[in-house]
Structure formats: C-alpha cells, structure tokens
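Reading the structure
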Amino acid sequence: MKFLLPLCLLVIAAAELGAQTPEAIIPVPSEYTLTGGTYRFKEEPSVKVVRSAMSCPEAYSMKITRNGVKIKASGDAGIFYAFQTLDQMTRGGRIKEILCCEINDSPRFRYRGMHFDVSRHFRSVEFLKKQIDAMASFKMNRMHLHLTDGAGWRLQIDAYPRLTEFAAWRPQQIWKDWWTADRHYAEEGSAGAYGGYYTKDDIREIIEYAHQRHIEVIPEIEMPGHSEEVLAAYPELGCSGLPYKQADFCPGKEKTFEFLETVLSEVIELFPSEYIHIGGDEAGKGLWKTCPDCQKRMREENLGDVDELQSYMIHRISEFVSSKGRKIIGWDEILDGGLAPGATVMSWRGTQGGIESMAMGHDVIMCPGNFCYLDHAQDAPFREPESIGGYLPLEIVYGYEPEDVTMPKESLDHLIGVQANLWSEYIPSDQHAEYMYWPRAIALAETGWSSRGNRDYDSFRKRVMPVLERMREDGYSTFCLENEYGERKLAQSGLKHKAVGASVKYNQPINMSYPASGETSLTDGVAGGWSNSDGRWQGFLSDVDVTVDLGEVTPVHYVGATFMQLAGPYIFMPEKVEIYVSRDGAEFGLISEIWNDVSVKCPDLLFRSFDTLCDIETRYIRYVARQGGVPGGWLFLDEIIVN
Ligand code: ACM
Ligand code: ZN
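Note that residues are indexed from 1 along each chain, following the sequence as it is written. Chains and ligands are labelled sequentially in the order written, the chains with letters from A and the ligands with numbers from 1. Under the rules for a predicted model, residues below a pLDDT of 70 receive no local features and side-chain atom pairs below 80 are neither given nor counted, while totals for whole chains, interfaces and linings still include all residues. Note that the side-chain values use all heavy atoms of the structure and ignore hydrogens as well as water.

Helix and strand counts for the protein chain stand at 16 helices and 22 strands. Computed over the C-alpha atoms, the radius of gyration of the protein chain is 28 Å, within 12% of the 26 Å expected from 2.2 N^0.38 for a compact globule of 643 residues. Remark: exposure states derive from per-residue accessible area (1.4 Å probe, protein chains only) relative to the maximum for the residue type, with buried under 20%, exposed over 50%, and partly exposed in between. The 643 residues of the protein chain split such that 57% are buried. Residue contacts are defined here by distance: any two heavy atoms, one from each residue, within 4.5 Å place the two residues in contact. Restricting to contacts in the protein chain with at least 6 residues of sequence separation, those with at least 24 account for 72%. If you sum the accessible surface of the protein chain, you get close to 25,200 Å²; carbon and sulfur atoms cover 51% of it. Charge assignment in this entry is limited to Lys and Arg as positive and Asp and Glu as negative, and neither His nor the chain termini are counted. Charge positions are represented by NZ for Lys, CZ for Arg, CG for Asp and CD for Glu. If the 65 positive side-chain charges of the protein chain are averaged to one point and the 93 negative ones to another, these points end up 4 Å apart. Strands are runs of DSSP state E lasting at least 2 residues, helices are runs of H or I lasting at least 4, and numbering of each runs from the N terminus. Here the globule rule reads 2.2 Å times residues to the power 0.38, and the radius of gyration is calculated from C-alpha atoms. Shrake-Rupley sampling with a 1.4 Å probe provides the accessible areas, and residues are treated as covered by the protein chains on show and by no other component.

The structure is reproduced here in structure tokens:
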C-alpha cells in the first residue's frame, strides 16, 4: 500500500512469487487483454512512461510485453494510477512475473470519495495517512474530513482559540457515555480531557501527503446544525445566547456570519480544495421560530418559514465561498427552502434529493444511507461490535448502482460520483474504523471507477479476498470475508406455511415509513433480515391489528409472528399479543395471550416469536400486538406464520 512511483521499482525487484493475471486488479480496468507470455521483473525493470493526449487526466494505458512495461498517460494522475495497477498485479512486489497484457483504463466518475468523521472520535495524522495509502491504491481521489460536530471541534482556528482549547475536548471517551451524560466539554489539558485537534501544520502535512497520491482533502465545517460544541464555546452565536442549550447557529445575528466567514477564510487559506463542505444536515431550527433576531431576519428578507431561513444562510455562505473561488458541497437538506446557485449536493437520505438536484442542474455526489453508510454492521449483528444498527454487508454496498432509471439522460453529467461514509459514534478505535471501512470502501471504489458493465459481485469477492490478505499483512485491521456469516438464515429462503398468499385486513393502517411490501407483506412467505429497513419488516407506531383470511376453514396447530427489538432506532417488543380466531369473520374468540418478557433496556438486536400452539379449525385469525409502553416506540414484524 505504501507505493509511490520511484519506490515501486525497487519493491518489484524484490518480488518472489509466480505469474499474476490482470484479474487481480481493483477497481477492474475499463479494458484489458491478455497478449500471451510473461514479463519477469529484473533488478532494473524496464518501465517506460510516455506522455500522450488522453480523454481525461486520470486515464492511462499500459502494455506489458516480454521486454517490459510501457505506460501512456496525459497527466500525472494517470501515470500514478498505472503504477497502482502495476503494484496490484505484483502484489506490492511479492510477485516477480506477470502476464503480458494491454490495459486501457479511465474512471467512470470524477469524484470517488471516502468520509472520515473525526469529530465523534479524533483520529491521528498517521491514521489518516495510512488510509490515504489504501485509498490511492484503489484509485479513490477525495478525502472528506468531517472536522466539526457536537462531539468535538477538530481544527485550529487562530481567530477563535476556544474552539480548540475547549470545544475539542470532552470528559468521556466513549461517545455514548458523553451523549447520555450532560454532553459537556472540557478544558484542554484538564484531568481526563479526551479529544484532540489538527494544527494547521498537521493539516498541511495531510494535504501534501494526499496530494502526492492524487487525493484532494475536503474540509467540512458544519452549519447551521450539529454545532453544539461551537455554541458552548461561543454561546452568543446561538439564538438563546446560553451554552449547552442550543445546537444551531442563529442566522438572525450578524455575528454568526462574521464567525463563519472568518473561520471559512482560514479554512480556505489552508485547504486548496475545489470544494468546501458546509454541512447543512439535520438542523432542528426549533429556536429560530421564536428568536427575535431570526424573526426579524425573516421579516426583512421576506422568508416564509425556517427552511427558507436556512436557505438564506446557505446562500449567503455559498456566495462568500464562491467569492474566494471555491464551490460548496452540502448534505441534501440544503435543498429545503431553495438550493444555492452552484452548490453541489451530497445525497444521503436516499437518492431523491440527488435526483432532484441533478434535474435542477446541480452536481451530485451519491452516498445514500442504505448503501454507503459503513457505520451499519457488515455482518450478522450478534457477531459484530456494537454499531449504530442496521446491516450493510459487502454485497449490498457493491450492488449499489448510482445511475437510476428515473434520472433524465440530460442530467446524468451532474452525477459526479460516489462516497463511502463512516460516522464514528460507535467507533472509538482506529482498528475498529479500519475494520468498518475495508473492504466495503473498496466496493464503492470500484463503483466509482469501473464501468457498469464490468462490475460483477462474484468476481469482486474473489478479487478482494487476496487484497484484504495483503492489507492485513501491511497492518490494516480489515473485516475477514472468509468468516462472513451473512444474512439471517430464515431470510435467505422462502417461508412455507398455511397463510402464504392469504389476504390480510389491516384494522390499524400500515405506517408508510416502513410499509415493507404493503398488504401482502405479512403473508408473502418472506422473512425479514438483520435490518429493520431492508424492506421486509413492517413497522408500526400504533398497535398491530390485522386479520388473516385463510380462504376456507382450515385445521390450525400454530400461529405466530416474530418481532425485532433494537433500542437505537427505538424498536421494542410488544407488551403483549392477543390471538383471536373465527370461522365466519364476525364472531372472534380469544385463543391465546402472550406477554413480553424482554426488557426494553436490552440495547442489542433481538428477535422473539409471539406464538401459540393450538388445535383448532378456523378461517380467520386476528393477530393483535399491543404497543410496549415506550412512548414513540416502534413495533416491527415480518410474517404471520400459520401451520
Ligand atoms: C448525515 O448523515 N447526517 C449527513
Ligand atoms: Zn436566532
């Protein structure tokens, strides 16, 4: 992984294994053809580099013959990527003989990013450099640093020293302990203070290291939400003026803009990136509704609601960033209230925001949570470290296709790339972070680089296994794909029981946030997987109350349904289940009540069947699951099984 242009020649000379085929390359190149024979690396290997005009600065072609290697590229990036390909073919010099071939290669998308949440848990410069090495190997070219958030500010700003003397430190190491305590901060150097920040020299070092590997470092400065740490240090920038009482900047106050423009000026001076990310996600905006300054701003600027007030703020900041010759990126909430001209949108709440932005002529980076949020567990949650929840295995990440059939052809030029995101609330250590990134980020690297027709999961899985082995040899803590347990077994094949295909009457309406497949879902023979949002679990904020019609009077010996509990997204067991039966659909008799025995305090993913054995003949079965008494809690079930 530590492979730079002149060094590689030495490494290759030390090679010792047998011939390697081009199938070893990730991301898979646009075209490669075996031409017969092998090239054996000598102590002085023959690698010729020729500059020649090509369609894009990252493109390259490479001919490997019995006599040596010839690389053609128009730019430094193309040459660098050719050497990355060669490095993979020789497994970093472990292989001394490679098959002769011709490769023509260029990226599908110009933005191929990875996101690092260094706020929730600070990461060292060394950690970031190590990940840059791996990113470069897979031809990724953007490192998005989420530098600011409630859990800690991570960047030296000369004009506002309290950001790093105070807002970069907290009393609790574990994010959840901090979150469930009073979410306070600590003075730098005080007993137990946990956190950290990058000095400007640190950042220069990261930028230079990344630049040598053709990676641009994009800073994110969050606004208007996720800003608790700033507003604890400088409470006058919030609506209430009080520390620990606000998460959103006050866009009614001029000093908020003074602060943000001063910070952004220092950021822009430090980071040479094309883009400056200004956040924009998940602002509560609650205080804005009553804050006199915000209300005055809304009157003066003729803004109809707080979404328009956020849009006013983002427009102003965008104009400021543009005046310095840079472009903003924002999370897809920057659509609310109107997009700022020239803004690039990062679509995370699904793809709809991205699709709408493209149609309006804005560039879009796709990172929909269901495919690109690597903070979800990558294997069966009971075998994985605690995570934010969900289940996102390699195959699903790899299966993400950014080009959607609903995207108008004329807007496709605005789809500029993809990004792997890793929020690190539950990821305290560097090793754990690497484990969550690799190999799933490699899947997105291939999605970002390789053409659609060249991508194939079975091939990728085979190619990535030795790559991971090599990464482990090089000191990365990757997930071990060989040991993958996979999806919940029940969900891997169809269920067979007497109610499959039976019609279901909903006595309480389906909640449209989690409808699964609608009215057929509870009798479709499809069990849910590890994730409540996999489209197979039906979620209810009310009681579940459904009547299954078996079509005719039928002997029944078992009725049951499995519920999921996962405290993070507020999913709990029902307090009890009542099962009624009827031959005519009019008169129902209770045959069983099943009480819950799972504590709501258990944070882990759990499944429990609420079922009964019986010996009856019936046509209708009414299955009622009562809410568990946790206000705002969800009930999730996947199938009503009758035997
Ligand atoms: C986000 O995940 N809040 C962008
Ligand atoms: Zn305000």
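Considering the arrangement of structural elements, one finds aspartate 545 in strand β18 (residues 544–565). Between N or O atoms, a polar contact is any pair within 3.5 Å; within protein, one atom must be a potential hydrogen donor and the other a potential acceptor, and residues adjacent in sequence are included only when both atoms are from side chains. Reaching out from aspartate 545, the side chain makes a polar contact with the side chain of arginine 622 at a distance of 2.7 Å.

A pair of aromatic rings is counted whenever rings of Phe, Tyr or Trp (Trp by its six-membered ring) have centres within 6.5 Å, and the orientation is called stacked for planes under 30 degrees apart, edge-to-face for over 60 and tilted otherwise. In the structure shown here, the tally under the stated rule is 39 aromatic pairs. Centre to centre, the rings of tyrosine 234 and phenylalanine 259 are 6.2 Å apart; their planes meet at 45°, and the pair counts as tilted. Of this pair, tyrosine 234 sits in the loop between α7 (228–233) and α8 (254–270) while phenylalanine 259 sits in helix α8; the two residues are 25 residues apart in sequence, bridging distant segments of the chain. The exposure class assigned to phenylalanine 259 is buried, which follows from its relative accessible area of 1%. Ring pairs connect the aromatic residues Phe166, Trp175, Trp178, Trp179, Tyr185, Tyr244 and Tyr426, which therefore count as one cluster. Both a distance and an angle decide whether a charge sits over a ring: NZ of Lys or CZ of Arg must be within 6 Å of the ring centre and within 35 degrees of the ring normal. Over the ring of tyrosine 209 we find arginine 213, and its NZ or CZ is 3.6 Å from the ring centre. In this arrangement the basic side chain of lysine 489 is found over the ring face of tyrosine 485, its NZ or CZ atom lying 4.1 Å from the centre.

Moving on to the environment of glycine 337. Structurally, glycine 337 can be placed in the loop between β12 (327–331) and β13 (344–347). Residues glycine 337 and arginine 183 lie 154 residues apart in sequence; the distance between their C-alpha atoms is 31 Å.

Summarising the element assignment, serine 592 is placed in strand β20 (residues 589–595). Within the structure, the side chain of serine 592 is placed 3.3 Å from the side chain of threonine 612, a separation counted as a polar contact.

Time to look at the sheet that holds strand β7 (residues 142–146). Backbone hydrogen bonds hold the strands of a sheet together, and the pairing may be parallel or antiparallel. Read around the barrel, eight strands follow the order β6-β7-β10-β11-β12-β13-β14-β15 and close on themselves; strand pairing throughout is parallel. Each adjacent strand pair in this sheet contributes to an overall mean axis angle of 30°, direction not counted. For two strands to be treated as a pair, DSSP must find no fewer than two bridges joining them. Bridge count between strand β6 (residues 111–117) and β7: five bridges; the pairing is parallel. When the sheet's bridge partners are listed, aspartate 117 is paired in β7 with histidine 146. Of the strands in this sheet, β10 (216–223), β11 (275–279) and β12 touch helix α10 (residues 306–323), which is tilted by about 150° from β12. Throughout, an axis means a line fitted to C-alpha atoms (over the contacting stretch in the case of helices), and angles, computed between N-to-C directions, take values from 0 to 180 degrees.

Quick look at helix α14 (residues 430–437) now. Since there are 3.6 residues in each turn of an α-helix, residues three or four apart along the chain are aligned in direction. Burial runs high along α14: six of the eight residues are buried. Along α14, the residues that are buried comprise His432, Ala433, Glu434, Tyr435, Met436 and Tyr437. Where the residues of α14 are buried, they touch β6, α3 (125–137) and α15 (440–449).

What follows is about the coordination of the zinc ion (ligand 2). With water omitted from the atoms examined, metal sites may look incomplete; donors here are N, O and S atoms no farther than 2.8 Å from the metal, or 3.2 Å in the case of Na, K and Ca. Distances from the zinc ion (ligand 2) to its protein donors, namely Cys239 (SG), Cys250 (SG), Cys291 (SG) and Cys294 (SG), fall within the range 2.3 Å. Working rule for geometry: tetrahedral if four donors all subtend angles between 85 and 135 degrees; square planar for four, octahedral for six, if opposite donors exceed 155 degrees and the others stay between 65 and 115; irregular in every other situation. Coordination geometry of the zinc ion (ligand 2): the four donor atoms subtend angles of 107 to 114° at the metal centre, consistent with an arrangement described as tetrahedral. Donor residues binding the zinc ion (ligand 2) come from one chain and are separated in sequence as C-x10-C-x40-C-x2-C. Taken together, the positions of cysteine 239 in the loop between α7 and α8 and cysteine 250 in the loop between α7 and α8 put the pair 11 residues apart, joining distant regions of the chain. Just as cysteine 239 is buried, cysteine 250 falls in that class too.

The next point concerns the nonpolar core. One finds Met62, Phe116, Met143, Leu155, Phe259, Trp438 and Ile442 to be the most contacted residues of the largest nonpolar core, which totals 148 residues. Setting aside its immediate chain neighbours within four residues, phenylalanine 116 contacts Phe127, Leu128, Gln131, Met135, Met143, His144, Leu145, His146 and Tyr437. Take the buried residues of types Ala, Val, Leu, Ile, Met, Phe, Trp, Tyr and Cys, join any two whose side-chain atoms come within 4.5 Å, and each joined set is a nonpolar core. Counting residues in hydrophobic clusters, the runner-up holds 30 residues, among them Val544, Val559, Tyr623 and Ile640.

Criterion for a salt bridge: a side-chain nitrogen of Lys or Arg within 4 Å of a carboxyl oxygen of Asp or Glu. Tallying each qualifying case throughout the model produces 51 salt bridges. Linking glutamate 403 and arginine 108 is a salt bridge whose minimum nitrogen-to-oxygen distance equals 3.4 Å. You can see glutamate 403 sitting in the loop between α13 (394–398) and β15 (415–420) and its partner arginine 108 sitting in the loop between β5 (97–105) and β6, a full 295 residues away along the chain. Where arginine 452 meets glutamate 403, a salt bridge forms, and the shortest distance between an N and an O atom there is 4.0 Å. One end of the pair, arginine 452, is in the loop between α15 and α16 (457–473); the other, glutamate 403, is in the loop between α13 and β15, and 49 residues separate them in sequence. Taken together, the shared-partner salt bridges connect Arg110, Arg142, Glu216, Glu274, Lys327 and Asp363 into one network.

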